[in-house]
Amino acid sequence: MSNRKATAVSCANIALIKYWGNRDERLRLPANASLSMNLAGLETRTTVAFDEGLAEDEVKIGGEAQTDRAKERVMTHLGHIRARARITWKARVDSRNNFPAGAGIASSASAFAALTLAGAKAAGLSLSEQELSALARLGSGSAARSIPAGFVEWQTGETHAESFAFSVAPPDHWALVDVVAVVSKAHKAVGSTGGHAIAGTSPLQAARVASAPERLRRCREAVLSRNFYELAEVVEADSNIMHAVMMTSTPPLYYWEPLTLVVMKFVREWRAEGLRVCFTIDAGPNVHCLCPVETAPEVERRLRDLGVMETLTATPGGAARVMEE
Ligand code: PMV
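All of the points below concern the structure found in this document. Bear in mind that the values here come from a model prediction, so they are computed numbers and not experimental data.

**Here we look at the pattern of salt bridges**
Right, on to step 1. Evaluation of the coordinates by the stated rule reveals 21 salt bridges.
Right, on to step 2. Residue R92 is joined to D51 by a salt bridge in which the shortest nitrogen-to-oxygen separation is 3.2 Å. Taken as a pair, R92 in strand 7 (residues 90–97) and D51 in strand 4 (residues 34–51) lie far apart in primary sequence, 41 residues in all.
Right, on to step 3. Under the relative-accessibility criterion, R92 is labelled partly exposed at 36%.
Right, on to step 4. Look at D51 and you get partly exposed, because its relative accessible area is 25%.
Right, on to step 5. Residue E230 is joined to R218 by a salt bridge in which the shortest nitrogen-to-oxygen separation is 2.7 Å. Highlighted residues: E230 in helix 6 (residues 228–247) and R218 in helix 5 (residues 205–224), separated in sequence by 12 residues.
Right, on to step 6. Given a relative accessible area of 27%, R218 falls into the partly exposed group.
Right, on to step 7. The network of salt bridges with common partners includes E273, E298, R301, R302 and D305.

The structure is reproduced here in structure tokens:
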């Protein structure tokens, strides 16, 4: 093996059209295609070092050795990389996020994208962006979207190889900003893997999935033509229908806190008054407020006035990248 150790950095992403539920749980083939924006500066940096002398994989996240479910998930993912590279060596994995844990930024997307890129490089694999994206998907669905740059679409695909994400526009295409209103830092009770598994128990999921391609088409068009008001309507509608599925699944999942709903209502009011801002919410209580870059300071100020203690702001981010040692 030529190269045994590699480091990669990858951004988190925010879904404008959501992924919720799988057609194939094991392969994480999604029920519907989704579209997201990478979040510049909100990153995971991961080093993978394959070592012939190691008896088992060692996984550190944020400097702490992992022993439980987090370690298992990383080991399973390393297993996919080893199978692909036809190697058996165990690895040391060291992964760090530069954004606060529990701030409502999905770390699994950036974490599995960085792990995939660093792992593939360290294992000596030379994979295309599509292959890396499909491989990242096996770790966490949304990680497929953190491999390419900027505004990214993840097509459903019929097979493992076909279910990958690709860039629809580069980061500098549109100076949009995600102002994350941090409403709560409490750890969520049901993670997204558990949520995807029960999405089909909601009678609304079939309607959501059937109508998702039309929302995706509208959203892609709005992004490509930089039409903020069209983007706002479709992004909010898509977030609402996903949360309607969550709330009506068995068991029901309520991710919102009272302040979540306050922010949602005010964002719509501000937009009606002419401020360009809209919301979208993932599997947690924090509200991602999307707005043009020049509107961000005003959005941040108004969120603080509503009682939001902390905001995080990100512009469109680039592709996952390997760092030179
Ligand atoms: O990739 P996962 O399994 O963490 O699922 C992500 C689910 C949402 O964040 C709620 C939606 C999305 O498309 O990112």
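**Concerning the site of the ligand**
Right, on to step 1. The environment of the ligand is formed by 14 residues, the closest being Y19, S140, S142, R145 and S192.
Right, on to step 2. Take G141: an N or O atom from its main chain is 3.4 Å from an oxygen atom of the ligand.
Right, on to step 3. Within the complex, the protein chains bury 97% of what would otherwise be the 380 Å² of accessible surface of the ligand.
Right, on to step 4. Tallied by class, residues from the shell around the ligand come to five nonpolar, six polar and three charged.
Right, on to step 5. There are two domains that each give the shell around the ligand at least three residues, and those are domain 1 (5–172) and domain 2 (174–314).

Scoring rules and cut-offs
Residues numbered from 1 in each chain as written. Predicted model: local features only at pLDDT ≥ 70, side-chain atom pairs only at ≥ 80, totals over all residues. Heavy atoms only, no water. Salt bridge = Lys/Arg side-chain N within 4 Å of Asp/Glu carboxyl O. Helix = DSSP H or I, 4+ residues; strand = E, 2+ residues; numbered from the N terminus. Buried < 20%, exposed > 50% of the residue type's maximum accessible area, 1.4 Å probe, protein only. Near = heavy atom within 4 Å. Polar contact = N/O pair within 3.5 Å; in protein donor to acceptor, adjacent residues only side chain to side chain. Areas by Shrake-Rupley, 256 points an atom, 1.4 Å probe, with all protein chains shown as cover. Nonpolar A, V, L, I, M, F, W, Y, C, P; charged D, E, K, R; others polar. Domains from an automatic or database assignment.

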